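Coordinate inspection notes
Spelled out, the chains give:
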Amino acid sequence: MLSGVEYVRDICKKRKIAISTLEKDCGFANGYLNPKKASKIPYERALLIANYLNVDIDNILGVKSVGDKNLTKKDQKDITKDLENIMEKLKSGEDGPASYNGEELDPEAAELFRDELEIALKRLKIINKEKYTPKKYKK
């Protein structure tokens, strides 16, 4: 598996995007994505890059991607239902206004939260299926 920096550089090369352009557009110092200087990218910066390149953040972080291949249609429906339920409670302020460090979440932050929550719910579903499925049903 490629390191985060190598993965980003590879994607940029395939899409003919100059590394310096990505660095500038994301607000990084020139040379930040030099594989000789760094191989791991901090989460906040990986999120910026993932959004910029429209790729899965797991690849940038060097995490094995969850993917949807292990989830059934019923699993997907359950995750969507749970996600919508949580987001509706968040938007309605059912338990008070959603905030972080005393500041209310703006719509953009709430959308980022939703995306990350969906990833977490998928991972949990896969982990729980693996953990609680009896051996006789495993392939």
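Given the structure is predicted, the values throughout are model-derived calculations rather than measurements. (Residues numbered from 1 in each chain as written. Predicted model: local features only at pLDDT ≥ 70, side-chain atom pairs only at ≥ 80, totals over all residues. Heavy atoms only, no water.)

Here we come to the packing of helix α2 (residues 19–26) against helix α3 (residues 43–53). One way to put it is that α2 packs onto α3 with a least axis distance of 10 Å and a crossing angle of 115 degrees. The handedness of the crossing between α2 and α3 is right-handed. Packed against α2, whose contacting residues are T21, L22, D25 and C26, the element α3 presents L48, I49, Y52 and L53 at the interface. (Axes fitted to C-alpha atoms, helices over the stretch in contact; angles between N-to-C directions. Helix = DSSP H or I, 4+ residues; strand = E, 2+ residues; numbered from the N terminus. Left-handed = near helix turned anticlockwise from the far one by under 90°. Contact = heavy atoms within 4.5 Å.)

A word on helix α6 (residues 107–132). Taking 1.5 Å of rise per residue, the 26 residues of α6 would be expected to cover 38 Å, and the 36 Å separating its terminal C-alpha atoms lies within 8% of that figure. Those residues of α6 not exposed but buried are A110, L117, L121, K122 and I126. Contacts made by the buried residues of α6 are with α5 (73–92). (Expected span 1.5 Å × (residues − 1). Buried < 20%, exposed > 50% of the residue type's maximum accessible area, 1.4 Å probe, protein only.)

Another aspect to go through is the confidence of the model for the protein chain. Confidence in the prediction of the protein chain, expressed as mean pLDDT, is 81, and 85% of residues score 70 or more. Mean pLDDT across the elements of the protein chain ranges from a minimum in strand β1 (residues 99–100), with 70, to a maximum in α2, with 93. (pLDDT = per-residue confidence, 0-100.)

Moving on, we come to the environment of I86. Looking at the element boundaries, I86 is found in helix α5. Its relative accessible area of 34% is what places I86 among the partly exposed residues. Sequence-wise, I86 and R114 are 28 residues apart; in three dimensions their C-alpha atoms are separated by 8.9 Å.

What follows deals with the packing of aromatic side chains. Under the definition given, this model contains one aromatic pair. Between F28 and Y32, the aromatic rings sit 5.0 Å apart at their centres with planes inclined by 45 degrees, giving tilted as the arrangement. Sitting over the face of the ring of Y32, R45 holds its NZ or CZ atom 4.5 Å from the ring centroid. (Phe/Tyr/Trp six-rings, centres within 6.5 Å; stacked < 30°, edge-to-face > 60°. Lys NZ or Arg CZ within 6 Å of the ring centre and 35° of its normal.)

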